[in-house]
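Remarks on the overall topology
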Amino acid sequence: MKKCVFSLVGALLILVSGMQPVVHAEEKDDQTLGLAKETKSAILLERDTGKILFQKDADKRLPPASMTKLMTLLIIMQELEKGDLTKNEKVRVSENAASMGGSQIFLEAGEEMSVNDLLKGIAVASGNDASVAMAEKIAGSESSFVKRMNKEAKKLNLKNTQFQNVSGLPAKNHYSTAHDMAMIAKELLRYEDITNYTSIYEDYLRKGEENEFWLVNTNKLVKHYQGVDGLKTGFTNEAKYCLTATAKKEGMRVVTVVMGAETIKKRNAATAELLDYAYNHYNTKQLFKKGQTVSKLDMFKAENRHVNVVTAASVSTLLKKGEKPEEISTETMMNENFNLPIKKGDQVGELRVKKGNKVLSATPLIVEDDVEPATYFTLFKRSLQKLSKSN
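About the thresholds
- Residues numbered from 1 in each chain as written.
- Predicted model: local features only at pLDDT ≥ 70, side-chain atom pairs only at ≥ 80, totals over all residues.
- Heavy atoms only, no water.
- Patch = residues over 30% accessible without salt bridge, like charges linked within 9 Å, V, L, I, M, F, W, Y side chains within 5 Å.
- Areas by Shrake-Rupley, 256 points an atom, 1.4 Å probe, with all protein chains shown as cover.
- Salt bridge = Lys/Arg side-chain N within 4 Å of Asp/Glu carboxyl O.
- Helix = DSSP H or I, 4+ residues; strand = E, 2+ residues; numbered from the N terminus.
- Buried < 20%, exposed > 50% of the residue type's maximum accessible area, 1.4 Å probe, protein only.
- Pairing = 2+ DSSP bridges.
- Axes fitted to C-alpha atoms, helices over the stretch in contact; angles between N-to-C directions.
- Contact = heavy atoms within 4.5 Å.
- Polar contact = N/O pair within 3.5 Å; in protein donor to acceptor, adjacent residues only side chain to side chain.
- Parallel < 35°, antiparallel > 145°, perpendicular 65-115°, else oblique.
- Left-handed = near helix turned anticlockwise from the far one by under 90°.
- Nonpolar A, V, L, I, M, F, W, Y, C, P; charged D, E, K, R; others polar.
- Phe/Tyr/Trp six-rings, centres within 6.5 Å; stacked < 30°, edge-to-face > 60°.
- Lys NZ or Arg CZ within 6 Å of the ring centre and 35° of its normal.

Together, Phe380, Leu384 and Leu387 give the surface a local cluster of nonpolar side chains, amounting to about 300 Å² of exposed area. Locating Leu384 in the fold gives a position in helix α10 (residues 376-390). Of the residues examined, Leu384 reaches a relative accessible area of 43% and is grouped as partly exposed.

Listed below in structure tokens is the structure:
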């Protein structure tokens, strides 16, 4: 194995046959800070590093209400990135989707609406009908989509989350936690386009038509707290008032979750307290931008032999204000054994940020383009070239 160590933003390259688990530094519950007092549970984390800055009963299972739609949105964004769905694509609304109660954008059975507008309906107005319409479009039925939601939860290693529907309407054994909601939000924010929707304060659907619908964001902090650009509110009589929020200021993005507040005012106040704490006490230093090339794959059996390996998300270090920067190194762990083809966005390694031997954070490394198997003609040419060089 060949190792190269650099300070701060250097890279240590190690080629290994297997992937390594993602590790995030965390802090234990610290309710002495006096934050989120009037909530059942809460959490605050920095997005890039995954560092938990505060938590209160963050693993307590509670009904997530419409924060459930974070997972619904995550799967929609995955489909868009893969190209299996486009924003201009029209979705025909079923009678089942149109019949959803609770928060809705009043879709009519047989109506056709673009994916782009349905995304607005979910992200801004928390439309249950829009959520079911998208679930049926992607998976054929809500129940099939829910199976995928739970599969994704397992993939993210969420041990205290189980979904029964796509909307968050009350259902037996439908639960999550502040921690798990934060992890879903963290993953969703990899798709930077999502905040183009969740940051909308007001907009219209069917603009200029008789059934024009005014969208107003259920998350008022989008308008009233600088830097807030998402993500999802929730309320049922059982869940009370919940909010998963995110904000970005001075290059630092944080995620907060509060659950079980008795009023909207208390929910928003608790969220603002957490955000204030984060920005008053911490800042970040970016090491790599999302999509920045970190390494290259050299694959003899691939048609395009050299493929860029890039970061799936931005990579940063987190510092308490007033503290001196620590000696930081980064480590690139690449998997040598690949089965072709590899699709654009597939994970082929991870980038670790380390302090000494301690792993502070780990970010997936993905391929920038599709990697197809080489043709017989390409392999023949390469074999000849290899042979000529050896002679």
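Before going further, it helps to examine helix α6 (residues 178-188). The periodicity of an α-helix, 3.6 residues per turn, causes residues three or four places apart in sequence to face the same way. With 11 of its 11 residues buried, α6 lies for the most part within the structure. For α6, the full list of buried residues reads Ala178, His179, Asp180, Met181, Ala182, Met183, Ile184, Ala185, Lys186, Glu187 and Leu188.

We now examine the sheet that holds strand β3 (residues 52-56). In spatial order, the strands read β3-β2-β10-β9-β8; together these 5 strands make up an open sheet with antiparallel pairing. The open sheet terminates on both sides in strands that have one partner only, identified here as β3 and β8 (228-236). Looking at each pair of strands side by side, their axes are set apart by 5 degrees on average, direction ignored. Of the pairings in the sheet, the one linking strand β2 (residues 41-46) to strand β10 (residues 252-261) comprises 6 bridges and is antiparallel in character. Its bridge partner being in β10, Leu44 is matched across the sheet by Thr256. Set on the sheet, α6 makes contact with β2, β3, β8, β9 (240-249) and β10; between it and β2 the angle comes to about 35 degrees.

In this fold, Thr161 is placed in the loop between α5 (142-155) and α6. You can call Thr161 buried: its relative accessible area is 11%. Separated by 99 residues in sequence, Thr161 and Leu62 have C-alpha atoms that sit 9.2 Å apart. Setting aside residues up to four positions removed in sequence, Thr161 forms contacts with Ala153, Tyr175, Ser176, Thr177 and Asp180. Polar side-chain contacts of Thr161 include one of 2.7 Å to the side chain of Ser176. Only 2.7 Å separates the side chain of Thr161 from the side chain of Asp180, close enough to count as a polar contact.

This brings us to the packing of helix α1 (residues 69-82) against helix α4 (residues 128-139). The interhelical angle for the contact between α1 and α4, taken along N-to-C directions, is 40 degrees, at an axis separation of 11 Å. By the criterion of interaxial angle, the relationship of α1 to α4 is oblique. Our pair here, α1 against α4, has a crossing hand that is left-handed. Only Asn128, Ser131, Met134 and Ile138 of α4 make contact with α1, whose side of the interface consists of Lys69, Thr72, Ile76 and Glu79. Here the contact of α1 with α4 is composed, by residue class, of 3 nonpolar, 3 polar and 2 charged.

Time to look at the pattern of salt bridges. All told, the structure shown has 14 salt bridges when counted by the stated rule. As a salt-bridge pair, Glu79 and Lys82 come within 3.0 Å of each other at their nearest N and O atoms. With Glu79 and Lys82 both in helix α1, this residue pair falls 3 residues apart, about one helical turn. Classification of Glu79 as buried rests on a relative accessible area of 7%. Note that Glu350 and Arg352 form a salt bridge whose closest N and O atoms lie 2.7 Å from each other. Owing to a relative accessible area of 0%, Glu350 belongs among the buried residues under this scheme. Look at Arg352 and you get buried, because its relative accessible area is 11%. Each of Glu79, Lys82, Asp84 and Arg148 takes part in one network of salt bridges that share partners.

This part covers unusual backbone geometry. Put simply, Gly230 and Leu231 share a cis peptide bond, and its omega is 15 degrees. Structurally, Leu231 can be placed in strand β8. Backbone geometry places Phe106, a non-glycine residue, at a positive phi of 60 degrees. Topologically, Phe106 is positioned in the loop between α2 (95-98) and β5 (112-114). At Lys240, a residue that is not glycine, the phi angle is positive and equals roughly 65 degrees. With respect to the helices, strands and loops of the structure, Lys240 is situated in strand β9. Classification of Lys240 as partly exposed rests on a relative accessible area of 26%.

Let us look at the packing of aromatic side chains. In total, this model carries 3 aromatic pairs according to the counting rule given. Here Phe106 and Phe213 contribute two aromatic rings whose centre-to-centre distance is 5.8 Å and whose plane-to-plane angle is 55 degrees, an arrangement assigned as tilted. A residue pair is termed long-range when its members are at least 10 positions apart, and Phe106 in the loop between α2 and β5 and Phe213 in strand β7 (residues 213-216) qualify at 107 residues. Note on Tyr277 and Tyr282: the rings are 6.2 Å apart at their centroids and 65 degrees apart in plane angle, and the pair reads as edge-to-face. Take Tyr277: its relative accessible area is 15%, and that puts it in the buried class. In this arrangement the basic side chain of Lys386 is found over the ring face of Phe300, its NZ or CZ atom lying 5.7 Å from the centre.

For Arg352, the position within the fold is in strand β16 (residues 347-355). A polar atom in the side chain of Arg352 sits 2.7 Å from the side chain of Glu350.

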